[in-house]
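Chains, contacts and geometry: an overview
Below, each chain spelled out in residue letters.
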Amino acid sequence: MEFINVALPKGRLGEKVLSMFEKAGYTCPSIHEENRKLIFENAEVGIRYFWVKPSDVAIYVERGAADIGVAGKDILLEYEPDVYELLDLCLGKCRMAVAAKKDFCDNTNSTLRVATKFYRIAERYYAEKCRDIDIIHLNGSIELAPILGLSDVIVDIVETGKTLYENNLEPKETIVEISARLIANRASYQFKNALIEKIKDALSLQVKR
Ligand code: PRP
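Remember, predicted model here, so these are calculated numbers, not experimental data.

1. Structural notes on the site of the ligand
Taken together, the residues surrounding the ligand are Lys-117, Glu-143, Asp-156, Ile-157, Val-158, Glu-159, Thr-160, Gly-161, Lys-162 and Thr-163. In the model, an oxygen atom of the ligand is placed 2.8 Å from a nitrogen or oxygen of the Glu-159 main chain. In this structure, Thr-163 approaches the ligand through a side-chain N or O atom, which is 2.4 Å from an oxygen atom. Contact with the protein chains removes 59% of the 500 Å² of surface that the ligand exposes when unbound. Put simply, the ligand lies in the largest pocket. When residues of the shell around the ligand are traced back to their parent elements, those giving at least two are β9 (153–158) and α6 (162–166). A per-element tally of the shell around the ligand places β9 first, with three residues.

See the structure below:
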């Protein structure tokens, strides 16, 4: 029997994604057992799941270690992996935004200091606006940068806006809307096309728009 290998993003989003796959018929009883295993399969439905760091899903899929996977649009825009984007699952909805201190006023005569994890998204956004920027590439706690004067603005994910609000920052511009996407390895999509299309169709019936 041929298996479809699925890279699931570990964490809160992953639980929702798994539940969507299971409602679509791709159940996997062993994945619900309390243990530290990372790979789970159900031969009856031909599925093998594994949990990976959300930002690594696209790498597993691009290189064929997974046939399909679920990755945020933020990761796809930032890393531009060579994969097919098959379906918007409408989960994990948020937006990529520019945020700054409430009283921040942009002085277009000087270089804008931008702190972010998503430096390619930020570079592209400001290049389109022909705005001179200095990128400060951080790995987390981005909100600290404007508070401590490390940057003028940040480019980061905003979901509820609570993190910004509680740090006296506010969203200034929306760059792009983000949600979780079903992606496929290019070769797998060719050679396991019927199976992948079947999963995609079953999932699309579960999408709540
Ligand atoms: C993201 C983002 C913000 C927060 C925004 O971090 O970097 O810190 O969520 O959410 P809110 O608008 O609902 O407050 P995430 O939790 O994804 O983890 P990270 O710090 O690893 O990026």
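2. A few points about the nonpolar core
Ranked by internal contacts, the top residues of the largest apolar core, which has 30 residues, are Leu-8, Phe-21, Tyr-49, Ile-68, Leu-89, Leu-182 and Leu-203. Listed by contribution, the elements that provide at least two residues to this core are β1 (4–9), α1 (12–23), β3 (47–52), β4 (68–72), β5 (84–88), β11 (180–184) and α8 (193–204). One finds Phe-118, Ile-121, Tyr-126 and Ile-178 within the second-largest nonpolar core, a separate group that totals 14 residues.

3. As for the sheet that holds β9
In spatial order, the strands read β8-β7-β9-β6-β10; together these five strands make up an open sheet with mixed pairing. If you trace the sheet from one side to the other, it starts and ends with β8 (133–137) and β10 (169–178), each paired once. Pairwise comparison of adjacent strand axes, ignoring direction, gives a mean angle of 30 degrees for this sheet. Docked against the sheet, helix α4 (residues 119–128) engages β6 (94–101), β7 (112–116), β8, β9 and β10, running at close to 170 degrees with respect to β8.

4. Observations regarding the side chain of Asn-5
Within the secondary structure, Asn-5 is located in strand β1. Of the residues examined, Asn-5 reaches a relative accessible area of 15% and is grouped as buried. Looking at Asn-5, its side chain comes within polar contact range of the side chain of Arg-48, at 2.8 Å. Not counting the four nearest positions on each side in its chain, Asn-5 is found in contact with Arg-48, Phe-50, Ala-65, Ala-66, Asp-67 and Ile-68.

5. Things to note about the pattern of salt bridges
Counting across every chain of the model gives 15 salt bridges. Notably, a salt bridge pairs Lys-162 with Glu-166, separated by 3.5 Å at the nearest N-O pair. Placement of both Lys-162 and Glu-166 in helix α6 is noted, with a separation of four residues, approximately one turn of the helix. Here Lys-162 matches Glu-166 in class, with each residue exposed. Among the salt bridges present, the one from Glu-170 reaches Lys-172, with a minimum N-O distance of 3.0 Å. In this structure Glu-170 comes out as partly exposed when scored by relative accessible area, which is 28%.

6. Side note on the sheet that holds strand β2 (residues 39–42)
As a general point, the strands of a sheet are linked pairwise by backbone hydrogen bonds and lie either parallel or antiparallel. Strand order in the open sheet formed by six strands is β2-β3-β1-β4-β11-β5, with mixed pairing between adjacent strands. One side of each edge strand has no neighbouring strand; the edge strands of this open sheet are β2 and β5. The mean angle between the axes of side-by-side strands here comes to 25 degrees, regardless of whether they run parallel or antiparallel. As judged from the four bridges shared by β5 and β11, these two strands associate in the antiparallel manner. When the sheet's bridge partners are listed, Glu-85 is paired in β11 with Ile-183. Packed on one face of the sheet, α1 meets β1, β3, β4 and β11 and runs near 145 degrees to β1. Strands β1, β3, β4, β5 and β11 of the sheet are contacted by α8, whose axis makes an angle of about 25 degrees with β5.

Reading the values: the criteria
Residues numbered from 1 in each chain as written. Predicted model: local features only at pLDDT ≥ 70, side-chain atom pairs only at ≥ 80, totals over all residues. Heavy atoms only, no water. Near = heavy atom within 4 Å. Polar contact = N/O pair within 3.5 Å; in protein donor to acceptor, adjacent residues only side chain to side chain. Areas by Shrake-Rupley, 256 points an atom, 1.4 Å probe, with all protein chains shown as cover. 1 Å grid on protein atoms, 1.4 Å probe; cavity = no way out; pocket = protein on both sides within 12 Å on 5 of 7 lines; lining within 4 Å. Sits in = over half its atoms within 2 Å of the grid points. Helix = DSSP H or I, 4+ residues; strand = E, 2+ residues; numbered from the N terminus. Core = buried A, V, L, I, M, F, W, Y, C linked by side-chain atoms within 4.5 Å. Buried < 20%, exposed > 50% of the residue type's maximum accessible area, 1.4 Å probe, protein only. Pairing = 2+ DSSP bridges. Axes fitted to C-alpha atoms, helices over the stretch in contact; angles between N-to-C directions. Contact = heavy atoms within 4.5 Å. Salt bridge = Lys/Arg side-chain N within 4 Å of Asp/Glu carboxyl O.

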